[in-house]
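# Structural features, examined
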Amino acid sequence: MLLYRMTVAGIIICTGLLFGIILMHQFQYTYVAQYSSMSQPLLYQISAFWAGQEGTFLLWTLFVSVMGVVFLRKSNPLDSFAMGIVSVYIGFLALLMIVKSPFNVSANAPADGSGMNPLLQNFWMVIHPPVLFVGYAAAVFPFALAISALKRRQYVQWHSSGFSWTLFAATMLGAGIIIGGFWAYEVLGWGGYWGWDPVENSSLVPWLTLLALVHGFLIQKNKGAMVRTNLFFAIISFLLVLYATFLTRSGVLQDFSVHSFQDFGIGNYLIGIIAAGFVVSLGLFVTRFRELKSPKINISGLNREVMVLLSLYALSAAALFTFFGMSSPIFTGLWGKASQVDVSFYNKVNFPVAIAIALLLGVTPFLGWSGENKASLLKKLSVPLLLTVLAGVIAYVGGVTSPALLLFVGSASFGLISNAIIAVRQYRAGFWNLGGPLAHIGVGLLLVGIIGSGSFDETTRVVLQQGQTGGAFGYQFTFEGMRDQTEMKPQIQIGVTDGKTSYVAFPKLYFSEYNKAMMREPDIRIFPLKDLYISPVEMKVPEPQNEQPTLAITKGETVPVGNYQVTFARFDVGQHGQPGPMSVGAVLEIAHAGKTEEYTPRLVFEQNGERKLVPVSLRRNPDDLADTSNMSMVLTRISVEEKKIYLEVQGISEHAAAMSLPQVILEISVKPLMMVVWTGVVFIMAGSVIAFRRRTRGREGDITTMT
């Protein structure tokens, strides 16, 4: 394989060259000018490598080629055909880089580059894309092994190395998805970690099918069954990775996803490779279908084989539902205007699937491969079931009163408790037996956290002028001013206290020249059972007033005037229809320094037709040095039909600087059980890594077998 090693060396050289021209600010290269700049910090200069289409394809090619070297060292000599498939795939990725090269040179080199999108200038940008693409790259190897097995008619032997590569691909792809979710929650200000965005779903679907393949391998390893199913899932998982690439990078979803790239002319190439992969792989699978024979699964009794099979079906159902949802813009566009399904679709179809998975997680660890009688199983499940009932009672007392949500929480708790018991038993047999139980504990925690954070979060808006304090959810928030205003991302300084403890939050709100829009980044304070999430919505900075301002206020409306909040409460009409002048007043409720007082400026209409203005002077607060003296409100005009008044504010110009205080609108959220969500994903990743390490160490036995 000398030619392959030379190819890998060439790819590594190209990678080094791209890093070099980025770090040396060679802006004559279009890619460098588009994603980096002189002022961009070193960390983000590095991540500029994979900020665009061209760089990510080079990164993907690098990962596949380097993994190919490992594959050559570890694989059986008979797997040379599989290596040929991997080489063809590398050739396709190289073709995409020829079509859209990161080394294109511009005729007019700019003095400085545009720089990377400010939202991408974050630590997670350095980690998330490489980890995700490692998972994408690894998915080709189970596929190649499956095609090689079909071609050589050796349908069983491939599963040993295929199992390890599948575990690795699932672990890395899952890690990439989870890091992306945490990035969205912590930085992007969307208020959540998962939005069922079509591009988010495009990576979720192959991850689910890879997990289904892992469960299929467990049955094949212990019972020799599922040969057809495993070959199919190895093929379809890779085809779904190609499909995800098409959805993300062809521009087909640019009107439906915030993550989608625009069409850069590679859509037809992606369609071509998907079509070729579909025809060749599934065509070969169909032609060999009758030869793919394996022992039938015993579905007559209670055994682990049946439960793992049901888990595979549940994962497949989730993948299928999500696939049709994320593909809805394509399907609907075939016969009319393209549209996508609502987020509620994903929640509805996956809700029962999640319950089924949780119940299976709770029962499966207590079953053997050979079977279990009902009395023995009930005895083993007695402790988990009792603890599950207790968990349900706690959830009900905590506010979970919906029967459907109680069922969900109960199922998740059952799976969590059962696997926690098994983990304790497995640990006695050795640390490397904990892979399956730890991952399944993580799933249980994740499901509980999803219900808590998704169904019981609370959100409100608080409007604060600088120096002003407002309350929400038992906390007091004080807008203390701005910090780092000369930086690209200035910070809003918010004092937060609950009466016992206090801290200063620093959410960010800034205008991005790159996006031509306002961007926000929240401040998150993590507590054991909840997160306090502070996200800025809008900043208002009044201009200094050189003249006496006139305010138009509708009944019930509140407007800020310097340090005051002025509300037009109602009209006050006197002497109407009686001899003498007629008086019309506007009752104002003016709040300042925690106190609210009523003032009523008036318009008086004399019998001779003259109009007289009767202003009111605002009382000065002697304890407030920033208070405005000699300020008065004059009612100049009214509109009864519109329920509107017009006020002239006098005496304000001499205090314009004090009056021109910025105002911030904050979205305050309390998100329960977010720590449970992240603890769950840590357990899932830890269990997956242990399971993968167990496979590569050549240990015998099932990763979920009880001792």
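Residues numbered from 1 in each chain as written. Predicted model: local features only at pLDDT ≥ 70, side-chain atom pairs only at ≥ 80, totals over all residues. Heavy atoms only, no water.

### Digging into the packing of aromatic side chains
For the structure shown, the criterion picks out 37 aromatic pairs. Ring centres 6.3 Å apart and planes at 40° place the aromatic pair Tyr475 and Phe477 in the tilted group. Residues Tyr475 and Phe477 agree in their burial class; the two are buried. Taken together, the aromatic side chains of Phe57, Trp60, Tyr89, Phe133, Tyr136, Phe143 and Phe238 make up a single cluster linked through ring pairs. (Phe/Tyr/Trp six-rings, centres within 6.5 Å; stacked < 30°, edge-to-face > 60°. Buried < 20%, exposed > 50% of the residue type's maximum accessible area, 1.4 Å probe, protein only.)

### Section: the pattern of salt bridges
Going through the model one piece at a time under the given rule, you end up with eight salt bridges. The salt bridge partner of Glu598 is Arg570, with a shortest N-O separation of 3.8 Å. With Glu598 in strand S14 (residues 595-599) and Arg570 in strand S12 (residues 564-574), this pair connects stretches of sequence that are 28 residues apart. Take Arg570: its relative accessible area is 37%, and that puts it in the partly exposed class. Here Asp572 and Arg602 are joined by a salt bridge, their closest N and O atoms 2.6 Å apart. Here Asp572 is found in strand S12, whereas its partner Arg602 is found in strand S15 (residues 602-605), with 30 residues between them in sequence. Using a relative accessible area of 28% as the deciding quantity, one classes Asp572 as partly exposed. For Arg602, a relative accessible area of 23% translates into the label partly exposed. One continuous salt-bridge network, built from bridges that share partners, spans Lys489, Lys508 and Glu521. (Salt bridge = Lys/Arg side-chain N within 4 Å of Asp/Glu carboxyl O. Helix = DSSP H or I, 4+ residues; strand = E, 2+ residues; numbered from the N terminus.)

### Observations regarding unusual backbone geometry
A positive phi angle is found at His25, which is not glycine, with a value near 55°. For Leu673, which is not glycine, the phi dihedral falls at a positive 60°. Residue placement: Leu673 occurs in the loop between strand S20 (663-672) and helix H19 (674-696).

### Here's the deal with the environment of Val252
For Val252, the position within the fold is in the loop between helix H10 (227-249) and helix H11 (267-287). Judged by its relative accessible area of 32%, Val252 is partly exposed. With 78 residues separating them in the primary sequence, Val252 and Ile330 have C-alpha atoms 7.7 Å apart. Among residues more than four places away in sequence, those in contact with Val252 are Phe246, Leu247 and Ile330. (Contact = heavy atoms within 4.5 Å.)

### Regarding the packing of helix H7 (residues 140-152) against H10
At a minimum axis separation of 8 Å, H7 and H10 run at an interaxial angle of 135°. The angle between the axes of H7 and H10 places the two elements in the oblique class. Judged by the twist between their axes, the crossing of H7 over H10 is left-handed. Contact with H7, carried on its side by Val140, Pro142, Phe143, Ala146, Ile147, Ala149 and Leu150, involves Leu231, Ala234, Ile235 and Phe238 of H10 and no other residues of that element. Classifying every residue of the contact of H7 with H10 by side-chain character gives eleven nonpolar, no polar and no charged. (Axes fitted to C-alpha atoms, helices over the stretch in contact; angles between N-to-C directions. Parallel < 35°, antiparallel > 145°, perpendicular 65-115°, else oblique. Left-handed = near helix turned anticlockwise from the far one by under 90°. Nonpolar A, V, L, I, M, F, W, Y, C, P; charged D, E, K, R; others polar.)

### Quick look at the confidence of the model for the protein
Of the residues in the protein, 90% have a pLDDT of 70 or more, and the chain-wide mean is 84. Confidence scores differ between elements of the protein, with helix H18 (residues 656-659) showing the lowest mean pLDDT of 44 and strand S5 (residues 502-505) the highest of 93. Counted against residues more than four places away or in other chains, residues 699-707, with its pLDDT under 50, gives 34 contacts. (pLDDT = per-residue confidence, 0-100.)

### A few points about the packing of H10 against H11
Relative to each other, H10 and H11 sit at 170°, their axes nearing to 9 Å. The orientation of H10 with respect to H11, classified from their angle, is roughly antiparallel. Each of Arg228, Leu231, Phe232, Ile235, Leu239, Leu242, Tyr243, Thr245, Phe246 and Arg249 in H10 lies in contact with H11, whose residues at this interface are Gly267, Leu270, Ile271, Ile273, Ile274, Gly277, Phe278, Ser281, Leu282 and Phe285. Residue composition of the contact of H10 with H11, grouped by class: 14 nonpolar, four polar and two charged.

### Things to note about the pairing of strand S9 (residues 530-540)
Regular strands place their side chains on alternate faces of the sheet. Alignment of strand S8 (residues 523-526) against S9, held across four bridges, turns out to be antiparallel. Bridge assignment links Ile524 to a residue of S9, and that residue is Tyr533. Taken together, S8 and the strand that follows it, S9, pair antiparallel across an intervening segment of three residues. (Pairing = 2+ DSSP bridges.)

### Let's talk about helix H6 (residues 123-138)
Along its 16 residues, H6 runs 24 Å from first to last C-alpha, staying within 8% of the 22 Å computed at 1.5 Å per residue. Buried residues dominate H6, accounting for 14 of its 16 residues. The opening residue of H6, the one whose side-chain oxygen lies 2.9 Å from the backbone nitrogen of Trp124, is Asn122. (Expected span 1.5 Å × (residues − 1). Polar contact = N/O pair within 3.5 Å; in protein donor to acceptor, adjacent residues only side chain to side chain.)

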